[in-house]
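One letter stands for each residue in the lines below.
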Amino acid sequence: MKRLRRAGFLILTFGLLSSTSAVYAQPSGRPTRVIREGIDETRLVRLVGNTRPEATPQNDRGIVSDDLVLDHMLLQLKRSPEREAAMKQYIDDLHNSQSPNYHQWLTAEQFAEHYGVAQEDVATVTGWLTSHGFTVEGVQGSGLVIDFSGTAGQVRSAYHTEIHNLEVNGAQHIGNMSDPQIPWALEQVVAGVVSLHDFRPKPMLTPRAQFNTSTGNFALVPGDLATIYNFNPLFSGGISGKGQTIMVIEDTDLYSTADFTGFRKTFGLARPYPSGTLTQVHPTGSATCTAPGVNGDDVEAIIDVEWATAAAPNAAIVMAACADTKTTFGGLIALQNVLNGPSSGFPSVVSISYGESETRNGAAANLAYNNTYAQAVTEGVSIFVSSGDEGAASSDANRAQATHGITVSGFTSTPYNVSVGGTDFGWFPDLGAGAPARTGVPPIAAPLAPRCPTSRRFPGTTPARAECSHRSSMLTTATRPILKPSVTAPMALITIPPPPAAADPADAQPARRR
């Protein structure tokens with residue numbers, strides 16, 4: 001089977017197209033104190049599953065200086081089993097039309113009051129941190145995340161693990177060499193530090209420098225997206241995302257917002273859908289959010305906002321970004337600050353196009369995303385996360401062979417998000433006179449020869465966001481159309497390994513949450 005491969009950029013915002021009014025309820029039950037013993041620093045428990053697999057003797061280049069500053073680490077707390085069960089029941093009720101709590105979304109304050117951690121326990125944990133010399137920068141409103149800063153020496157003293165320099169495939173990193181340990185008295189509340197290393201989650205795009213060439217790289221455009229996913233009847237009926245907000249989570253600013261404007265204008269979205277807008281924000285909150293500036297993830301960011309507006313062209317696109325700290329992904333800081341802020345700032349949909357395998361992400365980080373997404377659900381925010389192209393081989397993403405077993409991205413494997421793939425499009429060639437059409441994408445004609453200027457961001461190349469002057473889609477028919485071809489210019493890169501062969505219609509099924 002040959003496929004039009006996913007470019008790693010697209011989060012389809014199914015569920016965005018209808019509006020749900022916010023009504024706030026009052027659930028029952030509150031967290032109670034669970035730490036009742038004094039802290040004994042000699043009685044320790046290991047927080048299993050929180051060491052990167054790259055932290056090996058082969059990669060070890062020695063311990064870092066004790067003075068190395070580790071700013072804005074996140075300590076992930078955990079609610080009691082009783083409160084966890086109550087939260088899950090409330091989420092079930094939110095989606096049960098027979099329940100009095102149906103669609104009774106919570107404010108951040110209500111979520112903290114009923115599904116957070118008792119303030120006495122938070123105070124005990126923050127007191128323990130400060131006793132080891134750490135600076136507590138803030139506590140998220142949920143009570144589940146503590147932002148703290150310190151040094152590598154303080155980490156070794158408090159968590160009984162060393163931070164070492166690592167060299168992995170020629171790249172320099174730092175990371176803890178063993179699972180952290182904490183006093184036994186804190187174990188009922190503390191899940192672990194979200195990250196004690198500087199390995200970053202990977203953006204899910206697969207860049208190509210050229211398209212519509214003999215190499216087999218072709219392009220898709222917003223019109224093709226609407227055709228393949230049958231958005232056109234909705235658009236014709238006036239359902240195009242108006243009044244809704246898609247928040248795209250990033251760790252970079254955009255190189256130029258003019259690319260977004262040019263995308264909408266070039267592909268015919270600006271005039272028929274005038275309500276579509278783009279705003280960049282750096283969400284403030286209990287965790288420190290620093291403006292990231294422009295970095296290499298800008299390519300992912302611009303593709304994310306462009307294809308969000310392609311799927312919902314009248315929606316307001318908000319790009320929320322915070323800078324990465326020495327150990328923490330800025331996108332997580334941005335999302336947590338938004339969800340713990342005022343309800344007026346809640347988006348309809350959150351789109352995330354980054355990921356890391358559960359194994360590499362670590363137990364505390366996996367819980368951090370699980371808990372953050374769960375909070376979003378209680379607040380009426382839908383989370384859509386890219387599944388990536390590697391299927392069940394997330395630890396081997398972008399490699400020729402999978403050698404690390406079955407792994408999926410911890411960013412997208414929670415029960416509280418939609419894991420979005422569905423952008424592998426297959427087709428059947430013409431089967432001859434009288435043969436029935438068998439799939440949703442037409443045969444591909446000879447490659448087009450677009451006239452594309454070079455990119456402003458990457459001079460001398462024609463990447464996915466290059467603006468093309470012609471108005472023809474690559475989804476034209478060689479003989480008999482299966483879908484009506486679109487008439488806009490190609491933009492998104494799709495790799496088609498020639499020659500074409502039969503595709504499984506199931507590959508084009510979109511994911512839905514509710």
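Predicted model only: the values in this text are computed from it and were never measured.

## What about the overall build of the protein?
Broken down by element type, the protein carries 11 helices and 23 strands. Looking at the protein as a whole, 56% of its 514 residues are labelled buried. Within the protein, contacts between residues separated by at least 24 positions form 82% of all contacts whose residues are at least 6 apart in sequence.

## Some points on empty space enclosed by the protein
Tallied over the full model, the rule gives seven cavities of 30 Å³ or more. Reported here for the largest cavity is a volume of approximately 150 Å³. Along the walls of the largest cavity sit 17 residues, with Ser-195, Phe-199, Pro-201, Phe-329 and Asn-361 positioned nearest its centre. For the lining of the largest cavity, the elements supplying multiple residues, two or more each, are α10 (358-361) and α11 (363-378). Residue composition of the lining of the largest cavity, grouped by class: eight nonpolar, five polar and four charged.

## Things to note about the nonpolar core
With 72 residues, the main nonpolar core has Leu-75, Leu-77, Val-125, Tyr-159, Ile-352 and Tyr-373 as its most contacted residues. Setting aside anything within four residues of it in sequence, one finds Tyr-159 in contact with Leu-75, Trp-128, Leu-129, Phe-134, Phe-148, Pro-180, Gln-181, Ile-182 and Val-193. Core analysis: the next-biggest nonpolar cluster, separate from the first, contains 34 residues, Leu-254, Ala-310, Phe-384 and Val-418 among them.

## Things to note about the sheet that holds strand β7 (residues 135-139)
Spatial ordering of the open sheet is given by β7-β8-β5-β12, a layout of four strands whose pairing is antiparallel. The open sheet has two free edges, formed respectively by β7 and β12 (190-193), since each of these has just one partner strand. In this sheet, neighbouring strand axes are inclined to one another by 25° on average, regardless of whether the strands run parallel or antiparallel. Sheet analysis places strand β5 (residues 69-77) next to strand β8 (residues 145-151), joined by six bridges and oriented antiparallel. Bridge pairing in β8 places Gln-76 opposite Val-145. Along the sheet face, helix α3 (residues 119-131) touches β5, β7, β8 and β12 and points at about 155° away from the line of β7.

## Remarks on the pairing of strand β16 (residues 277-281)
Summarising the sheet, β16 and strand β17 (residues 316-321) pair through five bridges and their orientation is parallel. By the bridge assignment, Thr-279 is partnered in β17 with Val-318.

## Quick look at the sheet that holds strand β21 (residues 418-420)
Pairing is parallel in the open sheet, where six strands are placed in the order β16-β17-β15-β18-β20-β21. At either margin of the open sheet sits one strand with a lone partner, and together these are β16 and β21. Averaged over all pairs of adjacent strands, the angle between strand axes in this sheet comes to 25°, irrespective of strand direction. Each of β15 (245-250), β16 and β17 touches helix α8 (residues 298-311); the most contacted strand, β15, lies at about 165° to it.

## Here we look at α11
The first and last C-alpha atoms of α11 sit 23 Å apart over 16 residues, in line with the 22 Å expected at 1.5 Å per residue. Burial analysis of α11 places 14 of its 16 residues in the buried class, which makes it a mostly covered element. Where α11 terminates, the next one or two residues include Gly-380, which has phi positive at roughly 85°.

## With respect to the packing of helix α1 (residues 81-94) against helix α2 (residues 108-115)
Between α1 and α2, whose axes approach to 10 Å, the crossing angle comes to 135°. When the axes of α1 and α2 are compared, the pair comes out oblique. For the pair formed by α1 and α2, the contact residues are Arg-83, Ala-86, Met-87 and Tyr-90 on the first element and Phe-111, His-114 and Tyr-115 on the second. Looking at side-chain class alone, the contact of α1 with α2 contains five nonpolar, one polar and one charged residues.

## Concerning α2
Burial of α2 is extensive: six of the eight residues sit out of reach of the surface. The set of residues buried in α2 consists of Ala-108, Gln-110, Phe-111, Ala-112, His-114 and Tyr-115.

## Let's talk about the packing of aromatic side chains
Taken as a whole and judged by the stated rule, the model has 15 aromatic pairs. Measuring from ring centre to ring centre gives 6.2 Å for Phe-134 and Tyr-159, while their planes differ by 50°; the resulting arrangement is tilted. Of this pair, Phe-134 sits in the loop between α3 and β7 while Tyr-159 sits in helix α4 (residues 152-159), and the two are 25 residues apart along the sequence. For the pair formed by Phe-134 and Tyr-159, the shared burial category is buried. Considering the side-chain rings of Phe-148 and Tyr-159, the 6.4 Å spacing of their centres and the 35° angle between planes classify their relative orientation as tilted. Taken together, the residues Phe-148 in strand β8 and Tyr-159 in helix α4 connect sequence positions 11 residues apart. Exposure class is identical for Phe-148 and Tyr-159. Each is buried. Among the aromatic residues, those joined into a ring-pair cluster are Phe-329, Tyr-354, Tyr-369, Tyr-373 and Phe-411. Taking the ring centre of Trp-184 as reference, the NZ or CZ of Arg-43 above it sits at 4.1 Å.

## Examining the pattern of salt bridges
Scanning the entire structure with this criterion turns up 11 salt bridges. Close ionic contact of Asp-66 with Arg-156 constitutes a salt bridge, the shortest N to O distance being 2.5 Å. Pair noted here: Asp-66 is in the loop between β4 (60-63) and β5 and Arg-156 is in helix α4, with a separation of 90 residues, a long-range link. Salt bridges sharing common partners tie together Arg-52, Glu-54, Lys-202, Glu-356 and Arg-360.

## Here's the deal with the packing of helix α9 (residues 330-339) against α11
For the pair α9 and α11, interaxial distance at closest approach is 10 Å and the crossing angle is 30°. Classified by the interaxial angle, the pair formed by α9 and α11 is roughly parallel. For the pair α9 and α11, the sense of crossing is left-handed. Every residue of α11 that contacts α9 at Leu-332, Leu-335, Gln-336 and Leu-339 is listed here: Ala-368, Tyr-369, Thr-372, Tyr-373, Gln-375 and Ala-376. Residues of the contact of α9 with α11, tallied by class, amount to seven nonpolar, three polar and no charged.

## A word on the confidence of the model for the protein
Detailed conclusions should not be drawn from predicted coordinates in areas where pLDDT is low. On average, the protein scores 80 in pLDDT, and the residues at 70 or more come to 74%. Overall, residues 1-24 carries pLDDT values under 50, and its contacts beyond four positions in sequence, including any with other chains, amount to 110 contacts. When the criterion is pLDDT under 50, residues 427-514 qualifies, and its contacts beyond four places in sequence or with other chains add up to 246 contacts.

Criteria and thresholds
Residues numbered from 1 in each chain as written. Predicted model: local features only at pLDDT ≥ 70, side-chain atom pairs only at ≥ 80, totals over all residues. Heavy atoms only, no water. Helix = DSSP H or I, 4+ residues; strand = E, 2+ residues; numbered from the N terminus. Buried < 20%, exposed > 50% of the residue type's maximum accessible area, 1.4 Å probe, protein only. Contact = heavy atoms within 4.5 Å. 1 Å grid on protein atoms, 1.4 Å probe; cavity = no way out; pocket = protein on both sides within 12 Å on 5 of 7 lines; lining within 4 Å. Points joined across faces, edges and corners; volume = space filled by probe spheres on them. Nonpolar A, V, L, I, M, F, W, Y, C, P; charged D, E, K, R; others polar. Core = buried A, V, L, I, M, F, W, Y, C linked by side-chain atoms within 4.5 Å. Pairing = 2+ DSSP bridges. Axes fitted to C-alpha atoms, helices over the stretch in contact; angles between N-to-C directions. Expected span 1.5 Å × (residues − 1). Parallel < 35°, antiparallel > 145°, perpendicular 65-115°, else oblique. Phe/Tyr/Trp six-rings, centres within 6.5 Å; stacked < 30°, edge-to-face > 60°. Lys NZ or Arg CZ within 6 Å of the ring centre and 35° of its normal. Salt bridge = Lys/Arg side-chain N within 4 Å of Asp/Glu carboxyl O. Left-handed = near helix turned anticlockwise from the far one by under 90°. pLDDT = per-residue confidence, 0-100.

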